[in-house]
Amino acid sequence: MEKVAVIYGSQYGTTQKYAQWIAESLQAPLLEAAKTKQEQLQDYEWLIFGGGLYASGIKGFKLLKEHSGEKLILFTVGLADPKVTDYSSILSHNLSSEQLQHTKIFHLRGGIDYGRLSKTHRLMMAFKKKEVEKKMSTAPNEEDREFLATYNQQVDFTSRETIAPLIDYVKKELEADG
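As the structure is a prediction and not an experimental result, all values here were calculated from the model. (Residues numbered from 1 in each chain as written. Predicted model: local features only at pLDDT ≥ 70, side-chain atom pairs only at ≥ 80, totals over all residues. Heavy atoms only, no water.)

1. Regarding the pattern of salt bridges
- For the structure shown, the criterion picks out ten salt bridges.
- When the shortest N-O distance is used, the salt bridge between lysine 3 and glutamate 45 registers 3.4 Å. In this pair, lysine 3 is assigned in strand β1 (residues 2-9) and glutamate 45 in strand β3 (residues 44-54), connecting sequence segments 42 residues apart.
- Take glutamate 45: its relative accessible area is 24%, and that puts it in the partly exposed class. (Salt bridge = Lys/Arg side-chain N within 4 Å of Asp/Glu carboxyl O. Helix = DSSP H or I, 4+ residues; strand = E, 2+ residues; numbered from the N terminus. Buried < 20%, exposed > 50% of the residue type's maximum accessible area, 1.4 Å probe, protein only.)

This is the structure we're talking about:
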């Protein structure tokens, strides 16, 4: 049995970029969720799963729907700044109560290139923009301001340095396991 595998679900590439950095740092295999079967996961003691955030979903996480959350590390990647964003509703929508209790979770900031978005995602972002603009007149917040500032732009907030806490956590857990 191998110690660690890094699995990811990515639509536009930022989650894949983080997953590659994590796999390189830990010298672990890298698996794409869409091409990975449930049985393959049995070969690893620890699973690190990264999924892009889309609406209220975590890309590819259905692969781990039955996982207990023990020895599972989840990292999400989205456009919003994790320092000012509340992810509790997304997490409770995607993870079971058992997974929420046992899974170690990290949130990383990705990016967006509106020119590469699918028609569906462009439409979703346009609806979100209208919602945010209405909300700005009554209850503005930092997350909404940042969304409007990056709307229809190409931005990349990925940074290799932001994976350091996740890498440190994994190394400590692996040491504790012996």
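2. Some thoughts on the packing of aromatic side chains
- Following the criterion strictly, the structure yields six aromatic pairs and no others.
- Here the aromatic rings of tyrosine 18 and tryptophan 21 are separated by 5.5 Å at their centres, their planes lie at 85 degrees, and the arrangement is edge-to-face. Here tyrosine 18 and its partner tryptophan 21 are both found in helix α1 (residues 14-26), three residues apart, which amounts to about one turn of the helix.
- A relative accessible area of 0% places tyrosine 18 in the buried class.
- Pairing phenylalanine 49 with phenylalanine 61 gives two aromatic rings, centres 5.5 Å apart and planes at 75 degrees, and the pair type is edge-to-face. With a gap of twelve residues between them, phenylalanine 49 in strand β3 and phenylalanine 61 in the loop between β4 (57-58) and β5 (72-78) connect regions that are remote in the sequence. The two residues phenylalanine 49 and phenylalanine 61 agree in class, both being buried.
- Counting every residue linked through ring pairs, the aromatic cluster contains Tyr114, Phe147 and Tyr151. (Phe/Tyr/Trp six-rings, centres within 6.5 Å; stacked < 30°, edge-to-face > 60°.)

3. Concerning the UniProt feature "domain: Flavodoxin-like" (unreviewed entry) in the protein
- Mapped onto this numbering, the UniProt entry gives "domain: Flavodoxin-like" (unreviewed entry) at residues 4-178.
- Across residues 4-178, the secondary structure splits into 38% helix and 23% strand, with the terminal C-alpha atoms separated by 13 Å. (UniProt positions renumbered as here; feature names shortened; annotations may be inferred.)

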